[in-house]
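Structural overview for review
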Amino acid sequence: IAGHRTVYVGVQKPLARQSRRHHRPHSQKPRKREGEKDPAPTEQGYHYTPSQWVQFILGTEEDEQHVPHDLFTELDEICVKEGEDAGWKETARWLKFEEDVEDGGERWSKPYVATLSLHSLSELRSCIINGTVLLDICANSMEEIADMILGQQEQSTEFDERMRAKVRQVLLKQHHHQNEKRRNNLLPIVCSCADVSEKQSDPHVLDKPAQTLTPHPSPTTAEAKNGVNHEASAMDFSKAELHFMKKIPTGAEASNVLVGELDFLRQPIVAFVRLTPAVLLSGMTEVPIPTRFLFVLLGPEGKAHQYHEIGRSMATIMTDEVFRDVAYKAKNRADLVAGIDEFLDEVTVLPPGEWDPSIRIEPPKNVPSQEKRKMPGALDDSASQSKAEKHSGPELERTGRLFGGLVLDVKRKAPWFWSDFRDGLSLQCLASFLFLYCACMSPVITFGGLLGEATNGHMSAMESLLGASMTGVVYSLFAGQPLTILGSTGPVLVFEKILYKFCKEYTLSYLSLRACIGLWTTAFCIVLVATDASCLVCYITRFTEEAFASLICIIFIYEALEKLSHLRETYPVHMHSKLDFLTIYYCKCDAPTHPSNETLRFWESNKINVSGIAWENLTVTECRYLHGEFQGPACGRNGPYTPNVLFWCCILFFSTFVLSSLLKKFKTSRYFPTRVRSTVSDFAVFLSIVVMVLIDFMVGIPSPKLHVPHMFKPTRDDRGWFINPIGPNPWWTVLAAVIPALLCTILIFMDQQISAVIVNRKEHRLKKGCGYHLDLFMVAVMLGVCSVMGLPWFVAATVLSITHVDSLKVESECSAPGEQPKFLGIREQRVTGLMIFVLMGCSVFFTSVLKFIPMPVLYGVFLYMGVSSLRGIQFFDRLKLFWMPAKHQPDFIYLRHVPLRKVHFFTVIQLICLVLLWAIKVSRAAIIFPLMVLALVFVRKVMDFCFSKRELSFLDDLMPESKKKQQLDDATNEGKEEEVKL
């Protein structure tokens, strides 16, 4: 490769078009593209940079034959020495990252990021400048391509006809691929034994194409282009190929790189060929896809490693997104050189003394976008982060008409209605709804039990199940964002307690007054919908979202641990017991020595003869019913010690959490095929519940189980399914209910809309839009229905909604080896939410199955949901920075652009707000909790005076501003973009 040392890498060049010396027969003349223009606009005395030149090339209009496709690149090498019969051998391949055939030749290496020497890139550039470049040639076989390449080589004493024939024979030699052994196993199935023996007896048969092809299209040519020949048909069904073909994107084309050393050559032969159209060359590529590009480098012996590195450079640069597009659109040699120079401008050099070149770099999890290289003035990743993330899309713009936002939401969601059911027909949706059904059942029943205690049974588990099922089904069918899961909230329970206590003190009908409050709340929420009040959601930034979501996640974790600790009261443990005394430990029931007045009244009312009872023979339940006392060294405060139960509950609790976490991460493990890993990951929590239920059943320790009402009727016999809003209460209670209804309206609005904002985040890549007004309208309507029926109220549950969204994440199936699956979005549908609440309503009929589910297993699911929902919350990432030295801190984008002290200051403010919210939540003032969440919006507004707009753009979303100021900023930004383009 003579003269490569005189070529400077990455320097600017004049844009004069270089002439192509294409001496080819007229019958094989390449087709020129219509309307061919100069490669770039030129100005006298001005030279464009490679980047500008490439951007001009990529900005030209495309035709059908020059639309860029994904490329699969294969590197084949050959070494021809005297007395040896050699063939082309596949040594590496690229789909996105490099894979090499290991030295043993029996396996592929792990995919890795290709590392190239700057010298090999320089020589590749020299090859393109000094070698043959054939663009848009029409050829149907390797014979035609070889003739065209050799036709460009000048006749000389060192390259005569005999030499030309030898090189042609080398170019037409058979290609041996890595999966050839598997292919040969398939040959006897397709070919007869006679055919196989005939091919083995004549070694030159396989070197020839399966059919004779002519330069002009013909029936046989068309068959060859479609790969219809006996050899290809036998090969294309290899299991290895089919597996690898799944990784190749649809419509991909091949780029073949052929390099090698020939002992009879005295000067190198270099050629870059672009075929138009792409042609399926039988046996050329390991997978049956058409070849678009061909790079040939054959040189004298003694430089095999040098040729190999140049071939790797060519293959690697062909996988580069920008150079690939340039290769498709290039009109001459200069365009290709400009593409290489632009690639070199972007190359990062690693010093040889500080890095081991033999190290294989693992593919990154996320590859940065290359749009900034393609378009002038395009923002890079860091710059795009500085732009405010606006969740105030068209659905949050005021219409100025009554119910205008609601009407637009309906129009926006109506076209997707039927697809919401078709998209739900997926195995992933089945896994999601089974998991969330178990996750939703326990809090609904627990909430019903607590409500029954707080209201003396006016509303209990049966009412909670029916209310959740009715509200959830209607919401899933007609809401604007069906991914949101409805549930019960703590502030609602506090409100119910306060209201019941008030009614009891003033002898008012609790359910009637509650129905009045519910109807007023419904009316106020409908007024908010009519006035497009949901547009205020644009003031809820990430600061408020994360504080609220963090609090709910912490509550889930805390309550899961608290419920586990409460089991110690029901199942006490004999502390400091002595093993030697186990034979004399006992606990028996006895008559109370000093019965209380309540006990005496109980005996008298039930006509119980105390002296006639054999107390020592009573069971634990009978002893507690008759108000007996437990006595003996093995008795606790409320009954006998229960061996093993508490510790078994702890094992079930933590095992469920750990197993769910491990199975969820199984998708990224290295074991089993992709489909198995994905299925196990999708069903992670459901599988964990099933496994722990089976283990609990086999062990037989009496752990507490899930109790579901087994009869469909109100808890109290003195109430029905319809509540009169006035009832026995005075008429003025209807007007007085307005005051608590205002507080309930704020509670419902904030709970619903904050959860909706979190679900509708832009990083979830939702395609079907959202409907804040429609969501609030459906919640309001069902709140009124539940009030009239005497059922609990349900609004959006933050943690359940986040978990629902996470369980429906969709990733790309066709990913190159080594490439991480790309997050495509969320499977948006209505089926999972609908099935969760339909099944919940039918739970009354499943008590025979549900009674086997241990409560500690469901507590473990709560812990998993709380912990998993914390992932991705920036607040906790920033919180960990307090205990992390600067050199060990992750490379977060906000740490690059915001001083660390400002990051800590922002985190401390958020932490103080979170602590205050928690203090209010657990205090008697929990009823004003929604007002405190609303106060976070004002706290965030005050922070505009403590941080610059640029700092807030990295740490949070920017608050909406006045229309005039917004227009001024937009005009300024447009002016800056114009300056960049100029």
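To be clear, the structure that these remarks concern was listed above.
For the structure given in this document, a descriptive report is provided here. Keep in mind that what you see is a predicted model, and the values were worked out from it rather than measured.

Some words on the pairing of strand 8 (residues 291–299)
- Buried residues dominate strand 8, accounting for nine of its nine residues.
- In this sheet, strand 8 lies alongside strand 6 (residues 253–262) in parallel orientation, the contact comprising eight bridges. Paired with Leu258 across the two strands is Val296, which belongs to strand 8.
- In this sheet, strand 8 lies alongside strand 7 (residues 269–279) in antiparallel orientation, the contact comprising seven bridges. Paired with Val270 across the two strands is Leu297, which belongs to strand 8.

Some details on the packing of aromatic side chains
- Tallied over the entire structure, the rule returns 14 aromatic pairs.
- Relative to Trp883, the ring of Phe882 lies with its centre 6.0 Å away and its plane at 65°, an arrangement referred to as edge-to-face.
- Exposure remark for Phe882: the relative accessible area of 35% places this residue in the partly exposed category.
- Ring geometry for Phe906 versus Phe947: centroids 5.7 Å apart, planes at 80°, classification edge-to-face. In this pair, Phe906 sits in helix 36 (residues 900–922) while Phe947 sits in the loop between helix 37 (929–942) and helix 38 (949–955), placing the two residues 41 residues apart along the sequence.
- For Phe947, a relative accessible area of 4% corresponds to the buried category.
- Of the aromatic side chains, those joined through ring pairs into one cluster are Phe543, Phe905, Phe906 and Phe947.
- Across from the ring centre of Trp108, 4.0 Å away, lies the NZ or CZ of Arg93, which sits over that ring.

Observations concerning helix 22 (residues 597–605)
- Inspection of helix 22 places Thr599, Phe602 and Trp603 among the buried residues, and these make up the whole buried set. The buried residues of helix 22 occupy one face: seen down the axis, they fall within an arc of 95°. For helix 22, the exposed residues lying more than 90 degrees away from the buried face are Asn597, Glu598, Arg601, Glu604 and Ser605.
- Considering only its buried residues, helix 22 is in contact with helix 23 (620–625).
- One or two steps after helix 22, the chain reaches Lys607, where phi turns positive at roughly 55°.

About the cut-offs
Residues numbered from 1 in each chain as written. Predicted model: local features only at pLDDT ≥ 70, side-chain atom pairs only at ≥ 80, totals over all residues. Heavy atoms only, no water. Buried < 20%, exposed > 50% of the residue type's maximum accessible area, 1.4 Å probe, protein only. Helix = DSSP H or I, 4+ residues; strand = E, 2+ residues; numbered from the N terminus. Pairing = 2+ DSSP bridges. Phe/Tyr/Trp six-rings, centres within 6.5 Å; stacked < 30°, edge-to-face > 60°. Lys NZ or Arg CZ within 6 Å of the ring centre and 35° of its normal. Arc of directions from axis to C-beta. Contact = heavy atoms within 4.5 Å.

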